[in-house]
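Coordinate analysis (summary)
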Amino acid sequence: MEAVWSPEVYEQVLTVSNPAFADLVRILAWTGARMTTMISIEARHYNKAQSRLECADLARGKKHVRYIRLLNDEARELIERKIKEHPTGPLFLNAKGRPWEQDAPQIYLFNLKNKFQHSKGLEWPDGLCCKGLRHSFCSAFLQAHPNELEYLRSLLGHRDYTMIFKHYSHLIDMDAAAFKRVEGFSPF
């Protein structure tokens, strides 16, 4: 999938971006969250005791979707730093200290690739987009945990496996996964 970011592209973006965009890229990569969800996250969404973001109020009418984002150590540190910086309102702000508009992160990435003097001459893959961070999370998760589709479904906030199979079926070998479950299995 072209949208999947390579580790080299991820590091390049972090290196040439302003700190505000770099933090947004990091949290998207670490959580697999949708951009629209993450640019709306506030301190009130953080459950420190369970190391997660609880953002059901951001679901915009989708009652079946589970909007909980589990945080790894790096993501938790970033969220806690952002809460200290911005105890009210959105945690992830642009370089001017204002909330990100919905399309602004993608526009910023486009400008990194095509307009900003310090970065436009670098090698950039075709199809690079912010949504690719979600695809990168999913692809890496499936490669590391091919038999854990239920966990991935939950992490992504999907009600079923439809979208996972639609976008990542090439990474899922259901026969191999099923074989691992029946190998040595006996009902008696």
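Position labels on residues start from 1 in each chain and follow its written sequence. Per-residue local features are limited, in this predicted model, to residues with pLDDT of at least 70; the limit for side-chain atom pairs, both in listing and counting, is 80 or more; totals at the level of whole chains, interfaces and linings are taken over all residues. Values reported for side chains reflect all heavy atoms of the structure, with hydrogen atoms and water molecules removed beforehand.

Observations regarding the environment of A75
Formally: Put simply, DSSP marks the helices as runs of H or I at least four residues long and the strands as runs of E at least two long, and each gets a number from the N terminus on. Whether two residues are in contact is decided by their heavy atoms, any of which lying within 4.5 Å being enough.
Secondary-structure assignment places A75 in helix α4 (residues 73–85). Along the chain, A75 and D23 lie 52 residues apart, while their C-alpha atoms are 9.7 Å from each other. Contacts of A75, omitting those with residues within four sequence positions, involve I27 and W30.

Some thoughts on α4
Definition in use: A helix is expected to span 1.5 Å for every residue after the first. Using a 1.4 Å probe on the protein chains alone, a residue whose accessible area is under 20% of its type maximum counts as buried, one over 50% counts as exposed, and one in between counts as partly exposed. Think of the arc as the fan of directions from the helix axis to the C-beta atoms.
Taking 1.5 Å of rise per residue, 13 residues should cover 18 Å, and α4 covers 19 Å from first to last C-alpha, within 8% of that figure. Turning to α4, its buried residues are A75, L78, I79 and K82. When α4 is viewed along its axis, its buried side chains cluster within an angular range of 100° and face the same direction. Pointing more than 90 degrees away from the buried face of α4 are the exposed residues E77 and K84. In this structure, the buried side of α4 is in contact with α2 (19–31), β1 (46–47) and β2 (52–54).

Things to note about the pattern of salt bridges
Put simply, the rule is: Just to be clear on terms, a salt bridge is a Lys or Arg side-chain nitrogen sitting within 4 Å of an Asp or Glu carboxyl oxygen.
According to the stated counting rule, one finds eight salt bridges in the structure shown. One salt bridge connects R26 with D23, and the closest N-O pair in it is separated by 3.3 Å. Taken together, the residues span about one helical turn, with R26 and D23 both in helix α2 at a distance of three residues. According to the relative accessible area criterion, R26 is partly exposed, its value standing at 26%. The residue E42 makes a salt bridge to R44 at a minimum N-O spacing of 3.0 Å. Note on E42: relative accessible area 22%, which makes it partly exposed. On the basis of relative accessible area, R44 is assigned to the exposed category, the value being 53%. The network of salt bridges with shared partners includes D23, R26, R81, K82 and E85.

A short note on the packing of α2 against α4
Which entries qualify depends on this criterion: Every axis in this analysis is a line fitted to C-alpha atoms, fitted for helices over the stretch in contact. Angles between the N-to-C directions lie between 0 and 180 degrees. Angles are sorted into four bins: roughly parallel if under 35 degrees, roughly antiparallel if over 145, roughly perpendicular if 65 to 115, and oblique for all others. Handedness of each helix crossing follows the sense of rotation of the near helix against the far helix: counterclockwise by less than a right angle gives left-handed, clockwise gives right-handed.
Closest axis-to-axis distance for the α2/α4 pair is 10 Å, and the angle between their directions is 140°. On the basis of the axis angle, α2 is oblique to α4. Here the hand of the crossing between α2 and α4 comes out left-handed. Contact residues: α2 offers D23, R26, I27 and W30, while α4 offers E74, A75, L78, I79, R81 and K82.

Overview of the nonpolar core
We apply this condition: To form a nonpolar core, buried Ala, Val, Leu, Ile, Met, Phe, Trp, Tyr and Cys residues must be joined to one another through side-chain atoms within 4.5 Å.
Within the largest apolar cluster, 36 residues are counted, with the highest numbers of intra-cluster contacts made by W5, V13, F21, L24, M38 and F92. Of all the elements, α2 adds the most residues to this core, at six residues. Apart from the residues lying within four places of it in its own chain, the contact partners of W5 are Y10, V13, V25, L109, L128, C129, C130, G132, L133 and S136.

Notes on unusual backbone geometry
For S51, which is not a glycine, the phi torsion comes out positive at approximately 50°. Looking at the element boundaries, S51 is found in the loop between β1 and β2. S51 gets classed as buried once you look at its relative accessible area, which sits at 14%.

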